[in-house]
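Spelled out, the chains give:
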Amino acid sequence: MAGALILLQPLTAAAFAPFGDVLECEGAPDKIINQGLCGRYHDRARMDFGPQGRAGLSLFRAEPRQLPLTLDMVERHPDGSQAFIPMSAHPFVVIVAPDESGRPGRPLAFLTAPGQAINFHRGTWHGVLTPLHAPGLFAVVDRIGNTENLEEHWFDTPYRVAPAGADAP
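Small disclaimer: the values here were computed from a predicted structure and weren't measured.

**Observations regarding the sheet that holds strand 5 (residues 54-61)**
- Pairing within the open sheet is antiparallel, and its five strands lie in the order 2-12-7-15-5. Every interior strand has two partners, whereas the edge strands, strand 2 (20-23) and strand 5, have only one. Within the sheet, the average angular offset between the axes of one strand and its neighbour, ignoring direction, is 15°.
- Both strand 2 and strand 12 (residues 117-120) contribute to a ladder of four bridges, which runs antiparallel. Across the sheet, residue L23 finds its bridge partner in strand 12, namely A117.

See the structure below:
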């Protein structure tokens, strides 16, 4: 049985700033390249892999989820940032939680717009990759290294994540 209700909100750079970076082509590009045929939006994420890691690019195929969904666990990566870059134009759910003395606080849930990607800052509590549509393909940029870089927290009472306007149970 799920506990408190968390309503999805639109993903905006301002709302997501405490947890990471929203990656999107908004506004004018920083530079026009490739004979004037390509706009470059330069250096849009704070990638951080610590002193003993390097950047790696992996491909993930995640099973689509249905709303409402049960949130029973969040994780974080203490040694590196992690970017989720969708390889389709479908929105996906992004769940984050503030750190409260080494434990996650009350989670927030965001719904991306098509064309948005995200980068979690190092140490940010977050939900797992949560596509809402097949094929659920993502490029993921994160830390590759020899040390453990995963911490999980299981909630005593899971949360329920639902679209904005949903009623509490």
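**Considerations on the nonpolar core**
- Of all hydrophobic cores here, the largest spans 15 residues; its most connected members are F16, F84, V94, V96, I118 and F120.
- Those elements that provide at least two residues to this core are strand 8 (92-97), strand 12 and strand 15 (137-144).
- If one sorts the elements of this core by residue count, strand 8 sits on top with three residues.
- With sequence-adjacent residues up to four places away left out, F16 is seen in contact with L11, D21, V22, V94, V96, F110, I118, N119 and F120.
- Membership of the second largest hydrophobic core comes to 14 residues, among which are V74, V93, I95 and W125.

**Some words on the side chain of T124**
- For T124, the position within the fold is in the loop between strand 12 and strand 13 (125-126).
- Only 3.0 Å separates the side chain of T124 from the backbone oxygen of F19, close enough to count as a polar contact.
- If near-sequence neighbours (up to four positions away) are discounted, T124 is found in contact with F19, E75, R76 and V96.

**Side note on the packing of aromatic side chains**
- This structure, assessed with the given rule, holds six aromatic pairs.
- Here the aromatic rings of F16 and F110 are separated by 5.8 Å at their centres, their planes lie at 85°, and the arrangement is edge-to-face. With F16 in helix 1 (residues 13-16) and F110 in strand 11 (residues 108-111), the pair connects residues that are 94 residues apart, well separated along the chain.
- A residue is classified by how much of its surface remains accessible, and F16, at 0% relative accessible area, is buried.
- Using a relative accessible area of 1% as the deciding quantity, one classes F110 as buried.
- Through successive ring pairs, a cluster of aromatic residues spans F16, F19, F84, F110 and F120.

**As for the environment of A28**
- Checked against the element boundaries, A28 lands in the loop between strand 2 and strand 3 (31-33).
- In the structure, A28 is positioned 11 residues away from G39 in sequence and 8.1 Å away in space, judged by C-alpha atoms.

**What to know about the pattern of salt bridges**
- Evaluation of the coordinates by the stated rule reveals four salt bridges.
- Across the pair D99 and R76 runs a salt bridge, and its minimum N-O distance is 2.9 Å. With D99 in strand 9 (residues 99-100) and R76 in strand 6 (residues 69-76), the pair connects residues that are 23 residues apart, well separated along the chain.
- Classification of D99 as partly exposed rests on a relative accessible area of 41%.
- Note on R76: relative accessible area 13%, which makes it buried.
- For E151, the salt bridge identified is with R76, shortest N-O distance 3.3 Å. One end of the pair, E151, is in strand 16 (residues 151-162); the other, R76, is in strand 6, and 75 residues separate them in sequence.

**Comments concerning the pairing of strand 16**
- Pairing geometry for strand 1 (residues 5-10) and strand 16, over three bridges, is parallel. Pairing of L7 across the sheet is with A162, part of strand 16.
- In the sheet, strand 6 pairs with strand 16 via seven bridges, with the strands oriented antiparallel. Following the sheet pairing, T70 is matched in strand 16 by R160.

Calculation rules
- Residues numbered from 1 in each chain as written.
- Predicted model: local features only at pLDDT ≥ 70, side-chain atom pairs only at ≥ 80, totals over all residues.
- Heavy atoms only, no water.
- Pairing = 2+ DSSP bridges.
- Helix = DSSP H or I, 4+ residues; strand = E, 2+ residues; numbered from the N terminus.
- Axes fitted to C-alpha atoms, helices over the stretch in contact; angles between N-to-C directions.
- Core = buried A, V, L, I, M, F, W, Y, C linked by side-chain atoms within 4.5 Å.
- Buried < 20%, exposed > 50% of the residue type's maximum accessible area, 1.4 Å probe, protein only.
- Contact = heavy atoms within 4.5 Å.
- Polar contact = N/O pair within 3.5 Å; in protein donor to acceptor, adjacent residues only side chain to side chain.
- Phe/Tyr/Trp six-rings, centres within 6.5 Å; stacked < 30°, edge-to-face > 60°.
- Salt bridge = Lys/Arg side-chain N within 4 Å of Asp/Glu carboxyl O.

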